[in-house]
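Remarks on the overall topology
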Amino acid sequence: MIRVVLADDHPVVRAGLAALLTSIPGLEVVGVASTGREAVREVVTTRPDVAVLDLQMPDLDGFAATRELARSAPDTAVLVLTMFEDDDSVFAAMRAGARGYLVKGAEQDEIARAIRAVAAGEAIFGPGVARRVLGFFSAPPPAAEPFPDLTTREREILNLIAAGLSNPAIADRLALASKTVANNVSAIFTKLGIADRAAAIIQARNAGLGTDQPG
């Protein structure tokens, strides 16, 4: 028998979910709560296997309640059941310690399967949420900024050097004094360990710079 505490601030939703979970073989609702703080108190008192939490609750929201339960009742798995499926909510809940995330409207079988999964130590997501999570982790990492030792201004100037602009043209393009540009060019050469403009152009173009064209 998997023991469950249910927390939702809407009385009708809370009653409906309690009736639904009670009707599922192998599940026992041992506590209900209408606020995040009540949820924490119920879990600490009853020590259920699973806490099913909404995210938007008074007194203590679902994120804070999940963090508190991770500290005070680490053996209780948290399953989020909420209306929110945006990336920020999903990842904030998982960072807080939730093991599962479902969106309200999930079918009875899906809820039961999720409760059993998190009780067994698995992580589980509803279909829409799972697609978002997989999309996040399958996206290519952002490209590293070339020449990390350079300042933003130095990288900007190097980009224009690679595009073929002279120091006076760079000064005009960036509305800088010629002396300022010359000082930055000297700093760029030092940081890159090169001696002349030609070497700077080669390194910069190999790193993908030089897309700005003169004119």
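Residues numbered from 1 in each chain as written. Predicted model: local features only at pLDDT ≥ 70, side-chain atom pairs only at ≥ 80, totals over all residues. Heavy atoms only, no water.

Along helix 2 (residues 36–46), the residues that are buried comprise Gly36, Ala39, Val40, Val43 and Thr46. The arc that holds every buried residue of helix 2, seen down its axis, measures 155°, which confines them to one face. Exposed and facing more than 90 degrees away from the buried side of helix 2 are Arg41 and Thr45. Buried residues along helix 2 sit in contact with strand 1 (2–7), strand 2 (27–33), strand 3 (50–53) and helix 3 (62–72). Phi for Arg47, located one or two positions after helix 2, is positive at around 50°. (Buried < 20%, exposed > 50% of the residue type's maximum accessible area, 1.4 Å probe, protein only. Helix = DSSP H or I, 4+ residues; strand = E, 2+ residues; numbered from the N terminus. Arc of directions from axis to C-beta. Contact = heavy atoms within 4.5 Å.)

The side-chain alternation of strand 3 yields two buried faces, one formed by Val50 and Val52 and the other by Ala51 and Leu53. With four bridges connecting them, strand 1 and strand 3 associate as parallel partners. Considered in strand 3, the bridge of Ala7 is made with Leu53. In this sheet, strand 4 (residues 77–82) lies alongside strand 3 in parallel orientation, the contact comprising four bridges. Note that in strand 4 the partner of Val52 across the bridge is Leu79. Traced from strand 3 through helix 3 to strand 4, the parallel crossover comes out right-handed. (Pairing = 2+ DSSP bridges. Right-handed = clockwise from strand over helix to strand, strands pointing away.)

Inspection of the sheet shows strand 4 paired to strand 5 (residues 100–103) by four bridges, in the parallel sense. Following the sheet pairing, Thr82 is matched in strand 5 by Val103. Handedness of the crossover is the feature at issue here: the chain leaves strand 4, passes through helix 4 (residues 87–96), returns alongside strand 5, and the resulting connection is right-handed. With two bridges connecting them, strand 5 and strand 6 (residues 124–125) associate as parallel partners.

Geometry only, nothing functional implied.
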